[in-house]
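Topology and contacts: notes
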Amino acid sequence: MSVHPSRQGQLAEDGMSVDLPSPQGGGLYLEDISLDNDYVMYGTNIKAQTYLEELSRRRRAKQIAVPTDDLKVRAGLREFGEPITLFGEDKADRRERLRKVLLERQEAADEDVEMRSVTGSVRSVTGEEAEDEDEEFYTPGDENILEVRKQVARYSLICARQRRVQQIKDAAFPLTKLVKQARGLAEYLKTYALMGTQFVADRAVSSVRFSPNSELIAAGSWTGSIRLLQVPTLEDDDISILRGHNDRIGGLAWHPEATLSQSPNVVNLASGGGDYTVRLWSLSQDTPLATLQGHEGRVCRVAFHPSGRLLASASFDCTWRLWDLEMQQELLMQEGHSKEVYCVAIQQDGALLVSAGLDGIGRVWDIRTGRTIMVLDGHSREIYGADFSPDGYHIATGSGDSSVKIWDIRKVRVSATIPAHKSLVSDVRFFNGDGEIPGVTQEDGAPPLRGSYLASSSYDGCVNIWKSDSWTLIKSLKGHSDKAMSVDISSDCRFIASSGWDRSVKLWASETIGL
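None of these values were measured; they are calculated from a predicted model. (Residues numbered from 1 in each chain as written. Predicted model: local features only at pLDDT ≥ 70, side-chain atom pairs only at ≥ 80, totals over all residues. Heavy atoms only, no water.)

Brief notes about the overall build of the protein
The test is simple: Secondary structure is summarised from DSSP: a helix means a run of H or I of at least four residues, a strand means a run of E of at least two, and numbering begins at the N terminus for each. Accessibility here uses a 1.4 Å probe with only protein chains present; expressed as a share of the type maximum, an area under 20% marks a residue as buried, one over 50% as exposed, and anything in between as partly exposed. The criterion used for residue contact is that any of the two residues' heavy atoms lie within 4.5 Å. Residue burial considers only the protein chains on display, and all accessible areas are found by Shrake-Rupley using a 1.4 Å probe.
Helix and strand content of the protein: 7 helices and 30 strands. The buried share of the protein, taken over its 515 residues, is 47%. Long-range contacts, defined here as pairs at least 24 residues apart, represent 50% of the contacts in the protein between residues at least 6 apart. Carbon and sulfur atoms make up 48% of the accessible area of the protein, which totals about 26000 Å².

Some words on unusual backbone geometry
Backbone torsion omega between Val231 and Pro232 reads 10 degrees, so that peptide bond is classified as cis. Within the fold, Pro232 resides in the loop between β6 (225-230) and β7 (236-243). Backbone geometry places Ser214, a non-glycine residue, at a positive phi of 65 degrees. In the Ramachandran plot, Thr259 falls in the positive-phi region, its phi being about 65 degrees despite a non-glycine side chain. In this structure, Thr259 sits in the loop between β8 (249-254) and β9 (269-273).

Notes on the pairing of strand β14 (residues 320-324)
Rules: Following DSSP output, two strands are said to pair if at least two bridges run between them.
With respect to burial, β14 is a largely interior element, 5 of its 5 residues being buried. Of the pairings in the sheet, the one linking strand β13 (residues 310-315) to β14 comprises 5 bridges and is antiparallel in character. Bridge pairing links Ala314 to Trp320 in β14. Adjacent in sequence and paired antiparallel, β13 and β14 are bridged by 4 residues, among which Cys318 carries a positive phi angle near 70 degrees. Bridge count between β14 and strand β15 (residues 329-334): 5 bridges; the pairing is antiparallel.

Quick look at the structure:
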């Protein structure tokens, strides 16, 4: 076997023979050469075997789960008899030291070790148990949820087909006319100003929602009561106050057909409260029609399924639940978040649900299968608001990190990050209606306006309006004297309502609007 000329000089310097046997004289074969890692690496005094072993240890160390909570890290070190802190050591150093201790114990016992998620203590896990923990986790269900999933699948397929047909039609609309329409909408929204204020409670007003016909506003407060206000006067409706919760209101949602085709004597409104309950309301009495019980913590946001049969609720018990309103019973108790779940929203097709909360993580669930199809991981703080765009594949989330993120389900990633406010973002809402721009003539065949803009509220006291095609700011509405806690857009494209810590509901509209 010949030696390359560039290697012959180096071999000669090392005192090695360069006259290797030729293939004709019984040469060497690759499979006959033994693997020897017991050599000193070039330029160092480290043997290759030692280096490979260190690389293997590092890979094993990365696979060991170590908590990010510094208190749990200290508890783990204390359990092993290690100092909970060393001079000049920060949180990251302490985590690495715990990881090193765990690795040493793992090597000594030849077992897999992991941290307990709650107590922070460490336990040994056999190989068989480790395999079980790697298996996919399912929440048990019954025949009722199976039948509901089938119904949701049939319903969502019809809605998705209709939406797709409309989107194909909209794509054929001339771009120049579309740009003109978007400019007209932006100019109209720039004329928004404060139109009226109504003080509705003795404590903060935590949630505000327009009825589907845009003629009523439901406002829930921390007193546990719900006020129904007429639009645009903000005067009390015939049934002015709905009483039933004995703790703060966390969220409100109107039935999709409420004030339209739904009878006022049946369920028109749902609310979640700090008394761990979800209550269902009609428009003909001031007491609840039914109370849904099952949550073990404060109930925050609630959302109706577009079919009107199902209701989703988010809770501080770290779960969200799905309720059958016809049978008035719980269908599904879904876990998956490590901290309190604050908000839920359901896609207009009815197939998907997004949940998010104080762990700073959002999860997109397929209601038809019960699986998580996307994890919204990008916010550095808690998520307090989430909403689906009417286009079916965009989700907006508002967070304590003062930003609004736009997620694209098709690409399974975040598509835009908006530095939306100077403080916590408390709510986000897409425009989801069939209204036209007042005073602006639309072209024949022009795409509907739904989903064309987004509103966000914040603890900086502002309500901001954003364009959906570029996510740029159209208008910042300032009027709350304290934190703005909720926002909503009327389906007729004429009003925006907001509520806040100052105990008021504010109505915003164009200065040129004709009432």
